[in-house]
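Coordinates in review
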Amino acid sequence: MDEKWISKAVIKRLPRYYRYLGELLEDGVERISSGELSDRMKVTASQIRQDLNNFGGFGQQGYGYNVRHLYDEIGKILGLDRIHNMIIIGAGNLGQALANYTSFERSGFKTVALFDIDPAIKGKSIRGIEIHMTDELPEFIKANNVEIAALTLPKAEAVAMADVLVHNGVKAIWNFAHTDLNLKLPQDVVVENVHLAESLMRLSYNLTTRESDRKNK
């Protein structure tokens, strides 16, 4: 596949396609049209065809999409056809919740360690994943081919820790701290900022808007 620019909006939809196709496979569905996929995903059939055409299309006129083939191909596009070693920085409630989430591993994201600064929890395990101290990070990253680090730290600590991670070769950061790390790190470092409070605010807005609409009817 020739390299081409793909919009962020398309990339954002790819995991949704992958998830819905996985559900179709679980239901025993072998093929599906863009119209049928549209009904499930609440995305127009035209948008689905446009999105997938960015990567070669995958469909056949009059047949639709082979669900298994499309699922596998989108998985390859997302890099899910190989294992990504991941560490979690911060072994508090959120860090432990992420470590306990087994679905990550089914998608190829293997949590190999947690790190914290509290000596009281050193050596303890979460679902068999050992908690290390942060001063062990440089050696551990190099020895375990760590690609991704999840940051579940307070904002004040996140930027300094991100610098440590980048300095030691980590090229992808999944950031749960309340700060946009991509504005503070080199451009070759991939950052996904997850702002849970903003998601709740969007939910609140939609709830408030719907309540207002009902009152005005």
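About the cut-offs
- Residues numbered from 1 in each chain as written.
- Predicted model: local features only at pLDDT ≥ 70, side-chain atom pairs only at ≥ 80, totals over all residues.
- Heavy atoms only, no water.
- Helix = DSSP H or I, 4+ residues; strand = E, 2+ residues; numbered from the N terminus.
- Buried < 20%, exposed > 50% of the residue type's maximum accessible area, 1.4 Å probe, protein only.
- Contact = heavy atoms within 4.5 Å.
- Areas by Shrake-Rupley, 256 points an atom, 1.4 Å probe, with all protein chains shown as cover.
- Core = buried A, V, L, I, M, F, W, Y, C linked by side-chain atoms within 4.5 Å.
- Phe/Tyr/Trp six-rings, centres within 6.5 Å; stacked < 30°, edge-to-face > 60°.

**A closer look at the overall build of the protein**
- When you go through the protein residue by residue, the secondary structure sums to 9 helices and 9 strands.
- Among the 217 residues that make up the protein, the fraction classed as buried is 40%.
- The long-range fraction of contacts in the protein, counting pairs at least 24 apart against all pairs at least 6 apart in sequence, stands at 54%.
- Summed over its atoms, the accessible surface of the protein is roughly 13500 Å², and 50% of this surface lies on carbon and sulfur atoms.

**Here we look at the nonpolar core**
- Counting residues in each nonpolar core, the largest one holds 23 residues, and the members touching the most others are Ile87, Ile89, Leu137, Leu151, Leu165, Ile173 and Leu185.
- Among all residues touching Ile173, those that are not within four sequence positions of it are Ala149, Leu151, Ala162, Leu165, Val166, Leu181, Leu185, Val189, Val190, Val191 and Glu192.
- Core analysis: the second largest hydrophobic core is formed by 22 residues, Leu14, Leu21, Ile48 and Phe55 among them.

**Regarding unusual backbone geometry**
- Phi at Lys42 takes a positive value of approximately 60 degrees, unusual for a residue other than glycine.
- Structurally, Lys42 is set in the loop between helix H2 (34–41) and helix H3 (45–53).
- Judged by relative accessible area, Lys42 falls into the exposed class, the value being 73%.

**Some remarks on the packing of aromatic side chains**
- On inspection of all chains with the given rule, the structure shows 5 aromatic pairs.
- Relative to Trp174, the ring of Phe104 lies with its centre 5.5 Å away and its plane at 80 degrees, an arrangement referred to as edge-to-face. Taken together, the positions of Phe104 in helix H6 (residues 103–106) and Trp174 in strand E8 (residues 172–175) put the pair 70 residues apart, joining distant regions of the chain.
- When its relative accessible area of 17% is taken as the criterion, Phe104 is described as buried.

**A short note on the environment of Glu157**
- Note that Glu157 resides in helix H8 (residues 155–167).
- Looking at Glu157, the relative accessible area reads 40%, which means it is partly exposed.
- Distance from Glu157 to Ala177, taken between C-alpha atoms, is 8.7 Å for residues 20 residues apart in sequence.

**Some thoughts on the environment of Ala113**
- Following the sequence through the fold, Ala113 ends up in strand E4 (residues 109–116).
- Here Ala113 falls in the buried class, since its relative accessible area comes to 0%.
- Put simply, Ala113 and Ser125 are 12 residues apart on the chain and 8.9 Å apart in space, counted from C-alpha to C-alpha.

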